[in-house]
Amino acid sequence: VLLVLKTGATEALQKLPYHLHSTLHCIPNYMIVSDLEQDIGSYKNFHVTDILANVNKTILNKYDEFKFYQQVKEYARNGQDLSLLKGDNAWKLDKWKNIPALYKAYKEYPNVKFYFFIDADSAFSLTNFLQWMKRLDAKKDLYCGSQVMYGDTIFAHGGSGYVISNSAAKKFVDANHGDYPGRWEHKIADNCCGDVMQSESLLDVGVPLTEAFPMFQGETPSTLDFHERIWCTPSITFHHMAGHEISALWHFEKNWTDTNGWNKPYLMCDVYHHFVAPYLQPTRNPWDNLSKDTVMDANNPPEDRALTPEEMIATGSFDECKAACTAKDDCLQFNWVPGRCQLGSRVIIGHVSENDEQKSGWLVERIKQQIAGYQKCTPNFS
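All values reported here derive from a predicted model rather than from experimental measurement.

Rules used in this analysis
Residues numbered from 1 in each chain as written. Predicted model: local features only at pLDDT ≥ 70, side-chain atom pairs only at ≥ 80, totals over all residues. Heavy atoms only, no water. Helix = DSSP H or I, 4+ residues; strand = E, 2+ residues; numbered from the N terminus. Rg over C-alpha atoms; globule rule 2.2 N^0.38 Å. Buried < 20%, exposed > 50% of the residue type's maximum accessible area, 1.4 Å probe, protein only. Contact = heavy atoms within 4.5 Å. Lys, Arg positive; Asp, Glu negative; His and termini not counted. Charge placed at Lys NZ, Arg CZ, Asp CG, Glu CD. 1 Å grid on protein atoms, 1.4 Å probe; cavity = no way out; pocket = protein on both sides within 12 Å on 5 of 7 lines; lining within 4 Å. Points joined across faces, edges and corners; volume = space filled by probe spheres on them. Pairing = 2+ DSSP bridges. Axes fitted to C-alpha atoms, helices over the stretch in contact; angles between N-to-C directions. Polar contact = N/O pair within 3.5 Å; in protein donor to acceptor, adjacent residues only side chain to side chain. Disulfide = S-S within 2.5 Å. Parallel < 35°, antiparallel > 145°, perpendicular 65-115°, else oblique. Nonpolar A, V, L, I, M, F, W, Y, C, P; charged D, E, K, R; others polar.

S.K.: Looking at this structure, I do not really get the overall build of the chain. What am I missing?
M.R.: The helix and strand inventory of the chain stands at 14 helices and 18 strands. Relative to a compact globule of 382 residues, whose C-alpha radius of gyration would be 21 Å, the chain shows 23 Å and is just as compact. If one aligns the C-alpha atoms of the chain with their principal axes, the spans along those axes are about 70 × 45 × 45 Å. When the 382 residues of the chain are sorted by exposure, 52% land in the buried category. At a minimum sequence separation of 6, the contacts of the chain that also span at least 24 residues come to 70%. Of the charged side chains in the chain, 37 are positive and 47 negative; the average position of the first set lies 7 Å away from that of the second.

S.K.: I tried to follow the layout of surface pockets on my own but got confused; where do I start?
M.R.: Estimates place the volume of the largest pocket at around 670 Å³. Every residue lining the largest pocket is counted, 31 residues in all, and those nearest its centre are Lys-6, Trp-91, Asp-94, Asp-119 and His-239. Put simply, the parts of the chain that give the lining of the largest pocket at least two residues each are helix H3 (65-77), helix H4 (88-94) and helix H9 (194-203). Take the lining of the largest pocket: its biggest share by element is 3 residues, from H4. Taken together, 14 residues form the lining of the second largest pocket, with Ser-222, Glu-245, Phe-275, Tyr-279 and Ile-349 sitting closest to its centre. Of all the secondary-structure elements, those providing two or more residues to the lining of the second largest pocket are helix H10 (243-260) and helix H11 (268-275). Element by element, the count of residues in the lining of the second largest pocket is highest for H10, at 3 residues.

S.K.: Even after reading the chapter, I still don't get the sheet that holds strand S1 (residues 2-6), so can you show me in this structure?
M.R.: Within the open sheet, the 8 strands sit side by side as S3-S4-S2-S1-S5-S10-S7-S11. Their pairing is mixed. Each edge of the open sheet carries a strand with a single partner, namely strand S3 (38-41) and strand S11 (210-211). As defined by bridge partners, S1 adjoins strand S5 (residues 114-119) across 5 bridges and the pair is classed as parallel. Across the sheet, the residue bridging to Lys-6 is Asp-119, located in S5. Sheet contacts for helix H1 (residues 12-20): S1, strand S2 (30-34), S3, strand S4 (45-50) and S5; angle to S3, the most-contacted strand, approximately 55 degrees.

S.K.: When you look at the sheet that holds strand S16 (residues 340-344) in this model, what are you seeing that I'm missing?
M.R.: In a beta sheet, neighbouring strands pair by backbone hydrogen bonds and run either parallel or antiparallel. Spatial strand order, S14-S16-S15-S18: 4 strands in an open sheet with antiparallel pairing. Strands with a single pairing partner mark the edges of an open sheet, and in this sheet they are strand S14 (294-297) and strand S18 (359-362). Across the sheet, the mean angle from the axis of one strand to that of its neighbour is 10 degrees, orientation sign disregarded. Here strand S15 (residues 333-337) runs beside S18; their pairing, made up of 4 bridges, is antiparallel.

S.K.: Any chance you could explain the side chain of Thr-127 here in plain terms?
M.R.: Within the element layout of this structure, Thr-127 appears in helix H6 (residues 126-133). Given the relative accessible area of 0%, Thr-127 is considered buried. At a separation of 2.8 Å, a polar atom in the side chain of Thr-127 contacts the side chain of Gln-131.

S.K.: So what exactly am I meant to see when it comes to the state of the cysteines here?
M.R.: Structurally, a disulfide amounts to a covalent bond that connects the sulfur atoms of two cysteines. In the structure shown here, the tally under the stated rule is 4 disulfides. A disulfide bridge connects Cys-192 with Cys-193, and the sulfur atoms are separated by 2.4 Å. Between Cys-192 and Cys-193 the sulfur-sulfur dihedral comes to about -110 degrees; the bridge is accordingly left-handed. The side chain of Cys-321 participates in a disulfide bridge whose partner is Cys-341; the two sulfur atoms lie 2.1 Å from each other. Because the torsion about its S-S bond is 80 degrees, the bridge between Cys-321 and Cys-341 counts as right-handed. Here Cys-341 lies in strand S16 and Cys-321 lies in helix H13 (residues 318-327), a separation of 20 residues in the sequence. By relative accessible area, which is 0% here, Cys-321 ends up buried. Assigning the bonded cysteines of the chain consecutive numbers by sequence position, one obtains the connectivity 1-2, 3-8, 4-7, 5-6.

S.K.: Mind showing me how you'd approach the pairing of S1 here?
M.R.: Consecutive residues of a regular strand have side chains that alternate between opposite faces of the sheet. With 5 of its 5 residues buried, S1 lies for the most part within the structure. Every second residue of S1 is oriented toward a common face, with Leu-2, Val-4 and Lys-6 on one face and Leu-3 and Leu-5 on the other, all of them buried. Examined bridge by bridge, S1 and S2 share 4 bridges and lie parallel to one another. For Val-4, the partnering residue across the bridge sits in S2 and is Met-31.

S.K.: What is the right way to look at the packing of helix H5 (residues 98-108) against H9 in this model?
M.R.: Any two packed helices are characterised by the angle at which their axes cross and by the distance between the axes. Running from amino to carboxyl end, H5 crosses H9 at an angle of 55 degrees, the nearest separation of the two axes being 8 Å. By the angle between their axes, H5 is oblique relative to H9. Contacts between H5 and H9 involve Asn-98, Ile-99 and Leu-102 from the former and Gly-194, Asp-195, Met-197, Gln-198, Ser-201 and Leu-202 from the latter. Here the residues of the contact of H5 with H9 sort into 4 nonpolar, 4 polar and 1 charged.

As structure tokens, then:
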């Protein structure tokens, strides 16, 4: 396996250290790609490749994203703080990295079985990934990830990570005559996203997406809604992870492999029991547990009807909101701010709220009873 970790110069020093001191310890083959060539040091130097170095000069001079690219280089030459350049321009430049990253990965590592692409704010399970990979055939044309639609294109969401087999990567490079795939550059300019273009470039050589959701996740353990359908699924990736969350997941996995070895995957239910269940309480504030299945808002009622008397009562206080949840058979959690009550039928831990008046709660005993009825788990890699 070759891990290809994609980042940007404006975020590299904030996000990469968490990977350098955790997941990359265990991986012999990896490549870090960005929009600036640099070395990031710890106990050894980690090289970061400027994956845009071979972009056609006509393209460099034509599109506004590359004015920002040159600004990044100027800041670096002058020893300035690159994080000051964070913003939309960095995001717009990012879409140019996916296709050249695949090209470079195959050219430099033509004999690995799989290429595994993630972003710097993604976390992944190495043990689960390797156990899933054993079920795949690198000689087949495979492109796997969490499926998303953009127009008529189904693609693997880049932040959730995606995997491309050696056979599929070879087809892509051969179709571009072994040269840097510059013929895609004008198409990238007209598209929103690099992961969409990655899909189209593979479809161009006859490699469609193989769906790998929910193993590949666009959520974090704190924003994922846990329910029976995903309960026995091995967890391979999470996205939008803060540095401390990447570190926490790595320590969890290290303890798991120390206890269970490398042939037993951990499942979403194990993630739930470690990262969610210990923190469920009848009341937490200020807190938003992201309940959203039923929304009762006295200040913004539904357009098609008025709130019922029972719903109006529920918006009046935290205790009345809790009562509304208790009265609803499938309700497991709720949150309240003055004038609004929201109910949820799936368990989400959520996060601290910026609104000091927002409170959240979980029907802890009901949740325990529901989970007790879930199937006994055998790993579901499908």
